[in-house]
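Chains, contacts and geometry: an overview
Here are the chains, one letter per residue:
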Amino acid sequence: MSMVRNMVRPMVRSMVRGMTEGLSGYSPLFWFNNMGQMNTPTGSTTKDNTRTSITTVFDHEGIVRECLAGEIAIDGGRRVETLTSTLTTHNVTVVSGRIYQVSCEGDNASTVVLTGAATGTLTNDGVDRQGFDTAKTASTTTLTLTVSGTLTHIQVEDVTGQASTVPGEKLDISTDYGFNVNGVKGFSIDLGNSISSGVVTEAAGAIISPVPQVLMQPNRTNAITYSKDLTNAAWTETGTSVAALDETGMDGVANSVCTLTDDNGAGYEFVYRTPTVANDSNTHTVRAFISKDSDVSRFVAVHVQVTGGTAQSGYGWLNTSTGAVTTSGVVGTFTVEANSVGDRWELILSLANNSTGNTALRIQLIPAAGTVIGTLSTAATGSTIVGNVEFHENKTIDEIRGTSPIFTSGSAVTIDNDLIEIADFDTWMPTAEFVIIFAFTPEGDWAAIGAEDLLYSGANAKLAYRASTQDGLEVTDGTNTSNIDSGHTPGDEVVMGVIGSAGFNKLQTGYTPDAGTTWNWDATPASFTSISPAILLEIWKVIASKTSQRGLLIYEEMPPSDNGNLTEVQDWVESNYASELQKVQG
C-alpha cells in the first residue's frame, strides 16, 4: 500500500482530449451510453449497427415501436421520428390506420393543406409551432402536403397509441442524432411540450424510469403469418365465430388484434396453425402475448404438438390474472413460462422434436380450456385477447424470452441480430493500462444459453465474453484469461469491471449481479502485459440471448490514488460505478 507506482497518477493528459467535456476528475477515454450516444478520442471514429432489417422495441409507454434498419434501438425510451422536413409541396408515405401529427411553422398566413390519407389545413401566423391540428388517422398510404407561403419547419410524426399527440421536439430528417439513422431521436425524458392558444411550447418532461437502455437482440424469424389477425384464412377455426378483430394492438392500432371466444359449454372452440418443421431433434419455441385480466372462471391453454412420427406434445396453461402456468398432456420435452410485459403476459412454450419423422407442428390457441388450470374441460367458456403469435424454429426459450414482438402479415419476418461496431478502436484503445465498466441486463439464463462475445476487439482482445453455458464472465488478452463465476438472475442488471494493468501484471474481471450489494472478483487474476486490439470494437459479436445495455466506459490508466494496488482499483470501481454511469446516461 505504501509503494507509489508510476502508473498511478493524476489523469490530466488522459482525461481531457475533448471527448468528455463537462466531466471532471478521472474520466472515461471512451463511452457509449444508454441513449445511443458515443464519445471517443477522435472525430473520425464512427459507430454502425450492422442490422439490415427493421426491428421493434417497447417504448416508455409500453407501446411497440418499429425501428429502422441500422438504428440503435432503445428499450423503454421515448422515440421520435420525423417522416419529412421538406418545405415544399410533396407526398409522405404513411400506414393506413395509424395516427399522425403534422406540425409546421412559417411566415404569416403560410399554410399546409392535407389531402389524401387525411384532410385539414395548418395555418401559421409567424409564431413558432402555430401550424398544427388534431392528430389524423391515415385512411390510405399517401399523405399529400400542399404548401403555400414560406415555411421554416415541417414535421410528420407517427403518434399512434401515445398518451399525448402534442407535436414533439423538432427534428431534421437529414440529421443523425446519435442513433445511426437520420431523423430519429431517443429520449430519456417524457414529452413535456404543451399547447396554449394554438402555440406549442417545448419543455422537458419527467425523467423516464426505469432508465432506457440500448437493446441488443438475436437473429430470429417469426414463421407465423398474420400473427395478429387470427381471423385471417391462414388460421383455422374450430367452432363458430371464435376470433374477432376488435382490440387495440401492442402498437397502439385500433382493431388490429383479436378476441378469442369459446361460448360452447359442450365443446372446445379454438384456432390453430400447422407450420412444417424438419425431421430432427431440435427444440422449437412458440410465443403468444395474451392480455392480463381478472377472469379465473376459465383458463387459457396453448397446445403444441409435432406429428408424423412418434408424436411429441404438451399443453401450456395460463392464469391470465396471476401469470401462473402449468402443463398437462406432456409427451417428450416440453416447457412453459409466463413473463409480465406491461398489460400482457408473454406466454412462451418450447417443444423438442425427436427425429422420428415428425414434420408437422400444430399450434392451438384455446381461450377456455378448462375451469381448473391444468385440467381440460369442455364446460369452460370465456374469452381472451391475443396480441401476437410467434413460431421460432430451432430456438429455445432462452433465445426468445424478452425479445420484442415480430408482427407479420402475408409472409414470415426475419430480424437479424444487432451488432454495434466502433471504428478506429486500435488507434485509441489503451493497451497496457485500462479500466472498463460495462452495465447490461441479460434476459437469458447464462447456465443454459450459448457463448457470447460481449465486447469483442478481435481474438486477441476479448474484453468481455462468456463461454457456452458458463454462469460467469471472462476476459482475455489472447494468451492469459481471467474469469469469475458468481451467477446472475435473468432480467437483473449486471455491472462488470475489467482491470488490465502491465504495472500490476494483472488482468482481472469482476461483476455485481445485485446492484452493488455483492461484488465478485477473480481471486487469481491472470498475468498481463498488453492487448492487441483489432481495428473495430464490436459490442455483442455473438449473441444468444436478448440483452439491453445502460453504459460502456473505457478509462486510460488506473484511477488516481496515493498508494497503487489492485485492491484500490477494485474499490474505486465498486464505489464509483453508479456515479460514473450516471455521468453519461442520456
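Residues numbered from 1 in each chain as written. Predicted model: local features only at pLDDT ≥ 70, side-chain atom pairs only at ≥ 80, totals over all residues. Heavy atoms only, no water.

Structural notes on the nonpolar core
Formed by 43 residues in total, the largest nonpolar core has its most connected members in F30, F32, F440, M496 and L552. For this core, the element with the most residues is strand 37 (residues 433–442), which contributes four residues. Not counting residues up to four positions away in its chain, the partners in contact with F440 are W446, L454, L473, D492, E493, V494, M496, W540, T547, S548 and Q549. Grouped together as the second largest cluster of nonpolar side chains are 30 residues, W235, F334, A338 and F391 included. (Core = buried A, V, L, I, M, F, W, Y, C linked by side-chain atoms within 4.5 Å. Buried < 20%, exposed > 50% of the residue type's maximum accessible area, 1.4 Å probe, protein only. Helix = DSSP H or I, 4+ residues; strand = E, 2+ residues; numbered from the N terminus. Contact = heavy atoms within 4.5 Å.)

Side note on the confidence of the model for the protein
When pLDDT is averaged across the protein, the result is 92; 96% of the residues are at 70 or more. This model gives residues 1–24 a pLDDT under 50, and the stretch forms 53 contacts once residues within four places in sequence are excluded. (pLDDT = per-residue confidence, 0-100.)

Section: the side chain of E105
Here E105 is to be found in strand 9 (residues 99–106). With residues up to four places along the chain from it excluded, the contact list for E105 reads N124, D128, R129, L151, T152, H153 and K170.

Let's talk about helix 4 (residues 566–584)
Spanning 19 residues, helix 4 covers 25 Å between terminal C-alpha atoms, matching the ideal 27 Å at 1.5 Å per step. The largest bend in helix 4 is about 55 degrees, located at N576. Residues of helix 4 that are buried in the fold lie against strand 1 (30–33), strand 37, strand 42 (494–501), strand 43 (506–512), strand 44 (520–521) and strand 46 (547–556). The N-cap residue of helix 4 is N565: its side-chain oxygen and the backbone nitrogen of T567 are 3.2 Å apart. (Expected span 1.5 Å × (residues − 1). Bend = angle between axes of the 7 residues up to and from the residue. Polar contact = N/O pair within 3.5 Å; in protein donor to acceptor, adjacent residues only side chain to side chain.)

Description of the pairing of strand 29 (residues 312–318)
Along strand 29, seven of the seven residues are buried, which leaves the element largely enclosed by surrounding structure. In strand 29, alternate side chains face the same way, and those of Q312, G314, G316 and L318 on one face and S313, Y315 and W317 on the other are all buried. Once strand 28 (residues 299–307) ends, the chain turns through four residues before running back antiparallel as strand 29, passing G308 with a positive phi of about 125 degrees. Counting the residues that bridge the hairpin from strand 29 to strand 30 (residues 325–331) gives six residues, and of these G323 lies at a positive phi of roughly 85 degrees. (Pairing = 2+ DSSP bridges.)

Points about the packing of aromatic side chains
Under the defined criterion, the tally for this structure stands at 14 aromatic pairs. Taking 4.9 Å as the distance between ring centres and 15 degrees as the angle between the ring planes, the aromatic pair formed by F30 and W428 counts as stacked. Here F30, found in strand 1, pairs with W428, found in helix 3 (residues 425–428); they are 398 residues apart in sequence, far enough to count as distant. According to the relative accessible area criterion, W428 is buried, its value standing at 8%. (Phe/Tyr/Trp six-rings, centres within 6.5 Å; stacked < 30°, edge-to-face > 60°.)

Side note on unusual backbone geometry
Omega for the bond connecting S209 with P210 falls within 30 degrees of zero, at 0 degrees, which places this linkage in the cis form. Secondary-structure assignment places P210 in the loop between strand 20 (204–207) and strand 21 (213–216). The phi dihedral of R129 falls on the positive side, at around 55 degrees, and the residue is not glycine. When you line up the elements, R129 lands in the loop between strand 11 (120–123) and strand 12 (131–132). Although it is not a glycine, S241 adopts a positive phi angle of roughly 50 degrees. Note on placement: S241 falls in the loop between strand 23 (236–238) and strand 24 (243–247). A residue is classified by how much of its surface remains accessible, and S241, at 59% relative accessible area, is exposed.

Details of the side chain of N388
Take N388: it is sitting in strand 34 (residues 382–392). On the basis of relative accessibility, which here comes to 0%, the residue N388 falls in the buried class. Engagement of the side chain of N388 in a polar contact is seen with the side chain of S227, the distance being 2.6 Å. Those residues in contact with N388 that lie beyond four places of it in its chain are N222, S227, K228, M250, R287, A288, F289, P405, I406 and F407.

Some details on the sheet that holds strand 34
Backbone hydrogen bonds are what pair the strands of a sheet, in a parallel or an antiparallel way. Across the sheet, six strands lie side by side as 24-25-34-27-32-31; this open sheet has antiparallel pairing. This sheet does not close on itself; its edge strands, each paired only once, are strand 24 and strand 31 (334–341). Direction aside, neighbouring strands of the sheet carry axes that sit 35 degrees apart on average. For strand 27 (residues 283–291) and strand 32 (residues 344–352), the ladder comprises nine bridges, and the chain directions are antiparallel. Bridging from a neighbouring strand, R287 pairs with I348 of strand 32. (Axes fitted to C-alpha atoms, helices over the stretch in contact; angles between N-to-C directions.)

Quick notes on the pattern of salt bridges
Considering all chains together, one arrives at 25 salt bridges under this definition. A salt bridge links R466 to E452; the shortest N-O distance between them is 3.0 Å. Of this pair, R466 sits in strand 39 (residues 462–466) while E452 is found in strand 38 (residues 452–456), placing the two residues 14 residues apart along the sequence. On the accessibility criterion, E452 (2% relative accessible area) is buried. Between E580 and K583 there is a salt bridge, with its nearest N and O atoms 2.9 Å apart. Taken as a pair, E580 and K583 lie in helix 4 at a separation of three residues, close to a single helical turn. Note on E580: relative accessible area 5%, which makes it buried. Linked by salt bridges that have partners in common, R98, D158, K228 and D251 make up one network. (Salt bridge = Lys/Arg side-chain N within 4 Å of Asp/Glu carboxyl O.)

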